[in-house]
Amino acid sequence: LDEVIRICSPAVEYMPEALEFYYYWGVAHYQKDQHDEALEVFKKGVRQVGADSDKNMVSDFYSIMGDLYHTKKMNAEAYAAYDSALVYKPDNIGALNNYAYYLSVEKKNLDKAEEMSYKTVKAEPQNATYLDTYAWILFEKGRYAEAKLYMDQVLLNDKEPGAAVFEHCGDIYYMNGLHDEALEFWEKAKEAGE
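Quick caveat: nothing in here was measured; it's all calculated off a predicted structure. (Residues numbered from 1 in each chain as written. Predicted model: local features only at pLDDT ≥ 70, side-chain atom pairs only at ≥ 80, totals over all residues. Heavy atoms only, no water.)

Student: Just to check I follow, could you spell out the overall build of the chain for this structure?
Tutor: When you go through the chain residue by residue, the secondary structure sums to eleven helices and zero strands. The secondary structure elements of the chain, listed N-terminal to C-terminal, are α-α-α-α-α-α-α-α-α-α-α. Its C-alpha atoms give the chain principal-axis dimensions of roughly 65 × 30 × 25 Å. Looking at the chain residue by residue over its 194 residues, the buried ones come to 43%. (Helix = DSSP H or I, 4+ residues; strand = E, 2+ residues; numbered from the N terminus. Buried < 20%, exposed > 50% of the residue type's maximum accessible area, 1.4 Å probe, protein only.)

Student: Looking at this model, I keep getting lost on the packing of aromatic side chains. Mind explaining?
Tutor: For any pair of aromatic rings, the description consists of the separation of the ring centres together with the inter-plane angle of the planes. Tallying each qualifying case throughout the model produces 15 aromatic pairs. Centre to centre, the rings of Phe42 and Phe61 are 5.3 Å apart; their planes meet at 80°, and the pair counts as edge-to-face. Of this pair, Phe42 sits in helix α3 (residues 35-46) while Phe61 sits in helix α4 (residues 55-71), placing them 19 residues apart in sequence. Taken together, the ring pairs in this structure connect Tyr79, Tyr82, Tyr99, Tyr101 and Tyr102 into an aromatic cluster. (Phe/Tyr/Trp six-rings, centres within 6.5 Å; stacked < 30°, edge-to-face > 60°.)

Student: What's the story with the packing of α4 against helix α5 (residues 75-88) in this structure? I'm lost.
Tutor: Each packed pair of helices is defined by two parameters, the angle between the axes and the distance between the axes. Taken N-terminus to C-terminus, the directions of α4 and α5 make an angle of 165°; their axes are 8 Å apart at the nearest point. With respect to their mutual orientation, α4 and α5 come out roughly antiparallel. The interaxial crossing formed by α4 with α5 has left-handed handedness. Along its contact with α4, which presents Lys55, Val58, Ser59, Tyr62, Ser63, Met65, Gly66, Asp67, Tyr69 and His70, the element α5 presents Asn75, Glu77, Ala78, Ala81, Tyr82, Ser84, Ala85 and Tyr88. Partitioned by chemical class, the residues of the contact of α4 with α5 number nine nonpolar, six polar and three charged. (Axes fitted to C-alpha atoms, helices over the stretch in contact; angles between N-to-C directions. Parallel < 35°, antiparallel > 145°, perpendicular 65-115°, else oblique. Left-handed = near helix turned anticlockwise from the far one by under 90°. Contact = heavy atoms within 4.5 Å. Nonpolar A, V, L, I, M, F, W, Y, C, P; charged D, E, K, R; others polar.)

Student: Sorry if this is basic, but what is going on with a negative patch on the surface here?
Tutor: A contiguous patch of negative charge, built from Asp180, Glu181, Glu184, Glu187 and Glu191, is present on the exposed surface. Along the chain, the position of Glu181 falls in helix α11 (residues 179-192). Given a relative accessible area of 33%, Glu181 falls into the partly exposed group. (Patch = residues over 30% accessible without salt bridge, like charges linked within 9 Å, V, L, I, M, F, W, Y side chains within 5 Å. Areas by Shrake-Rupley, 256 points an atom, 1.4 Å probe, with all protein chains shown as cover. Salt bridge = Lys/Arg side-chain N within 4 Å of Asp/Glu carboxyl O. Lys, Arg positive; Asp, Glu negative; His and termini not counted. Charge placed at Lys NZ, Arg CZ, Asp CG, Glu CD.)

Student: Would you explain the packing of helix α2 (residues 19-31) against α4 in this entry?
Tutor: Two elements in contact, α2 and α4, have axes separated by 11 Å at closest approach and are oriented at 25°. Looking at the two axes, α2 sits roughly parallel to α4. In terms of crossing hand, the pair formed by α2 and α4 is left-handed. Two secondary-structure elements touch here, α2 through Leu19, Glu20, Tyr22, Tyr23, Val27 and Tyr30 and α4 through Met57, Val58, Asp60, Phe61, Ile64, Asp67 and Leu68. Considered class by class, the residues forming the contact of α2 with α4 number ten nonpolar, no polar and three charged.

Student: Even after reading the chapter, I still don't get the environment of Tyr101, so can you show me in this structure?
Tutor: Assignment of secondary structure puts Tyr101 in helix α6 (residues 93-105). Sequence-wise, Tyr101 and Tyr130 are 29 residues apart; in three dimensions their C-alpha atoms are separated by 9.1 Å. Leave out the neighbours within four places in its chain, and Tyr101 touches Thr133, Trp136 and His168.

Student: Would you take a moment to explain the nonpolar core for this structure?
Tutor: The biggest cluster of nonpolar side chains holds 57 residues, and the ones touching the most others in it are Phe42 and Met65. Top element by residues in this core is helix α8 (residues 128-140). It accounts for nine residues. Excluding residues that lie within four positions of it along the chain, Phe42 makes contacts with Tyr22, Tyr23, Gly26, Val27, Phe61, Ile64, Met65 and Leu68. (Core = buried A, V, L, I, M, F, W, Y, C linked by side-chain atoms within 4.5 Å.)

Student: What exactly am I supposed to notice about the confidence of the model for the chain here?
Tutor: Any region with low pLDDT has predicted coordinates that should not be read closely. Put simply, the chain has an average pLDDT of 94, and 99% of its residues get 70 or more. Mean pLDDT across the elements of the chain bottoms out in helix α1 (residues 2-14) (86) and peaks in helix α7 (residues 110-123) (98). (pLDDT = per-residue confidence, 0-100.)

The structure is reproduced here in structure tokens:
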């Protein structure tokens, strides 16, 4: 990652219109948990976007910026970045999922969250992360029986569920009257220790 940063940093001076350099430079910082640096790189990159820019890459820039803003608890900026990502690529699955999930956590715009999340489930019906997001949104909307159907699919497709999945399972099962099973899921969530 350090080598990627070392190469890409001066490369943008010579070829500022080459978005690839910003992308790899920003991702390298992101993977090193250097979120401020990553965000600055992506901001520089989007300033270079033109009519001929690769729309998929631009969408990914904005999607990652949304994730970075969210980690900094700058939700308004995160949602604006996700909106921009979806302007460039309306089917950016990662942006749709994260945007939908963060809205559900805030219990905001749940209809919009459901619509976005459903697109991810249709695109990848066995992706446990997307199924979990959709189940959680249905839970937040009080549609507990539907939420359980999707959460059961999560359990079938997730080989190593984490604490968040187990916690969601517990909440959803509890609201479906399955209190003993809910308690078991909550205990697993606690054991997972996240």
